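Summary of structural features
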Amino acid sequence: MSYKNFPMVPRVVFGRGSFDQLGELIEPKRLNINAPFIFLVDDVFKLDGELTSRIPLAYNDRIIYVSADEEPKTSQVDELVESIIVTSKERPSGIIGVGGGTILDLAKAVAIMLTNNGKSEDYQGWDLVKNKAVYHVGIPTISGTGSEVSRTTVLTGPKRKLGINSDYTPFDQVVLDPELTNGVPKDQWFYTGMDCFIHSVESLNGTYLNAFSKTYGDMAYGLCKEIYLNGGLPTKEAQDKLMMASWHGGMSIAYSQVGVAHAVSYGLSYLLGTKHGIGNCIVFNHLEEFYPKDVALFKTMMAKHDIQLPQGICSDLSESDLNIMIDVALGLEPLWENAVGKNWKKTITSKKLKELYLKM
Ligand code: NAD
Ligand code: ZN
């Protein structure tokens, strides 16, 4: 048995208001005055003069606002890299992502593609990246995905939705400032937070579980219960805790795998463009067979926060569309093996998945 030698984020700052330390954190990493820092910022902050004024720009540094309306695509990564190369005198000193999982994943992928030839779709998979990425910093503004700690950046390409999983993917520096999550709309707070809850459930109930994953998973699970079983809007303390839950949830799946909700929701996302957080919730709501205790808990949390999920999203789909989703889901073999065991193909059939999709 050979065990994975797993890279971790080497530096992290945690604290309310810590965003203001960004300038002093990155300045020693500046290669020279012609090598800018590029800030990829969620465009939800474009009109927020307060956050923008706190971004420490110097020399030729610049901000690129990016929409998070759609999840990251390989073509989008390639275009961003191209535009950064043609508008910078030298290769950037660093890429700094400020936003949710969408922007964090884009920042990781752009940093990788600035030092690796070809198209980003060529690197979707495991350990295909050859050269170290440009220095990159992740600053989450919504909590739950665990992208801030993970070894992957999930991209939708022409052929598949799959991560660039590599030792060069994790951030060199993360800044965890829970104050940045102040403006998150309630429904989105629930969906992205539930991504973390589902990471912990899928890890804790998986066949790949080990003590490393369990300790992180238990922590994320306990924190999510504490936060979401309380009604009302998140307090400062709950914002702090959810940011750490996200971190632990991400660490928990690092050394194990996700499971049924993720496999099935990747199908929804590939065909219908359903976003990750809400997609996971739509699927998880119907997974009593796999995670009975936690689906019941999830329904209680939804009721506490008056969350209404869309219904009937697959009811008008053609047979061939359903088959596309089923193929995407069944293609995620490690997820099924983790969820159901080595003999998963005996019970997880196309027919079963079709019935499941038609319930949503
Ligand atoms: P997101 O980044 O798409 O953001 C969701 C919405 O919240 C957007 O409209 C965004 O503009 C808004 N938002 C973010 N911060 C805000 C703030 N402070 N105030 C107001 N609005 C704010 O959502 P997400 O759930 O964080 O990320 C989903 C993405 O993460 C997917 O692309 C998914 O594939 C990816 N993901 C990656 C990993 C990984 O390990 N790399 C893990 C899980 C999910
Ligand atoms: Zn997830």
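Residues numbered from 1 in each chain as written. Chains lettered and ligands numbered in written order. Predicted model: local features only at pLDDT ≥ 70, side-chain atom pairs only at ≥ 80, totals over all residues. Heavy atoms only, no water.

Let's talk about the domain arrangement of the protein
We count it as follows: The domain boundaries here were taken from an automatic or database domain assignment. The contact definition used throughout considers only heavy atoms, calling two residues in contact when any of these lie within 4.5 Å. Here the buried area means the combined drop in accessible surface, using a 1.4 Å probe, for two parts upon being joined, counting both sides. Any Lys or Arg side-chain nitrogen located within 4 Å of an Asp or Glu carboxyl oxygen qualifies as a salt bridge. As used in this structure description, the phrase polar contact means that two N or O atoms lie within 3.5 Å; if the pair is within protein, one of them must be able to donate a hydrogen and the other to accept it, and residues adjacent in sequence are counted only when both atoms belong to side chains.
Domain annotation for the protein reports domain 1 (11–181) and domain 2 (186–359). On a C-alpha basis, the centres of domain 1 and domain 2 stand 25 Å from each other. Taken together, the 26 residues of domain 1 in the interface contact 21 residues of domain 2. Counting the surface lost from both domain 1 and domain 2, the interface buries some 2200 Å², and carbon and sulfur atoms represent 63% of this. Between the two partners, domain 1 and domain 2, sit one salt bridge. Summed over the shared surface of domain 1 and domain 2, the number is 12 residue pairs in polar contact (both at pLDDT 80 or more).

Observations concerning the site of ligand 1
For the record, the criterion: Here, proximity means that at least one heavy atom of the residue falls within 4 Å of the molecule or strand. Helix and strand definitions follow DSSP, with helices as H or I runs of at least four residues and strands as E runs of at least two, each counted in order from the N terminus. In this classification, the charged set is Asp, Glu, Lys and Arg, the nonpolar set is Ala, Val, Leu, Ile, Met, Phe, Trp, Tyr, Cys and Pro, and all remaining amino acids, among them Gly, are polar.
Taken together, 27 residues form the shell around ligand 1, and within it Gly101, Thr102, Ser150, Thr192 and Lys275 come nearest. Between ligand 1 and Thr141, the relevant distance is 2.8 Å, taken from a nitrogen atom to a side-chain nitrogen or oxygen of the residue. In this structure, Thr152 approaches ligand 1 through a main-chain N or O atom, which is 3.1 Å from a nitrogen atom. The set of elements that each furnish at least two residues to the shell around ligand 1 consists of helix H4 (101–113) and helix H5 (186–204). It is H4 that contributes the most residues to the shell around ligand 1, four residues altogether. Tallied by class, the residues present in the shell around ligand 1 amount to nine nonpolar, 12 polar and six charged. Residue contributions to the shell around ligand 1 reach at least three from each of two domains, namely domain 1 (11–181) and domain 2 (186–359).

A short note on the packing of helix H6 (residues 211–228) against helix H10 (residues 292–304)
Inclusion rule: Between N-to-C directions, angles cover 0 to 180 degrees, with each direction set by a line fitted to C-alpha atoms, over the stretch in contact for helices. Working definition: roughly parallel below 35 degrees, roughly antiparallel above 145 degrees, roughly perpendicular at 65 to 115 degrees, and oblique for all remaining angles.
Running from N to C, H6 and H10 point in directions that differ by 30 degrees, and their axes come no closer than 10 Å. Judged by the angle between their axes, H6 and H10 are roughly parallel. Each of Tyr221, Cys224, Lys225 and Tyr228 in H6 lies in contact with H10, whose residues at this interface are Lys293, Asp294, Leu297, Met301 and Lys304. Here the residues of the contact of H6 with H10 are counted per class, giving five nonpolar, no polar and four charged.

Description of the packing of helix H11 (residues 319–330) against helix H13 (residues 350–359)
Using the following cut-off: By convention the crossing between two helices is left-handed if the near helix lies anticlockwise of the far one by an angle smaller than a right angle, and right-handed if it lies clockwise.
At a minimum axis separation of 10 Å, H11 and H13 run at an interaxial angle of 115 degrees. Classed by the angle they form, the pair H11 and H13 counts as roughly perpendicular. In this structure, H11 meets H13 at a crossing whose hand is right-handed. Between H11, through Glu319, Leu322, Met325, Ile326, Ala329 and Leu330, and H13, the contact on the second element is made entirely by Ser350, Leu353, Lys354, Tyr357 and Leu358. Residues belonging to the contact of H11 with H13 are distributed by class as follows: eight nonpolar, one polar and two charged.

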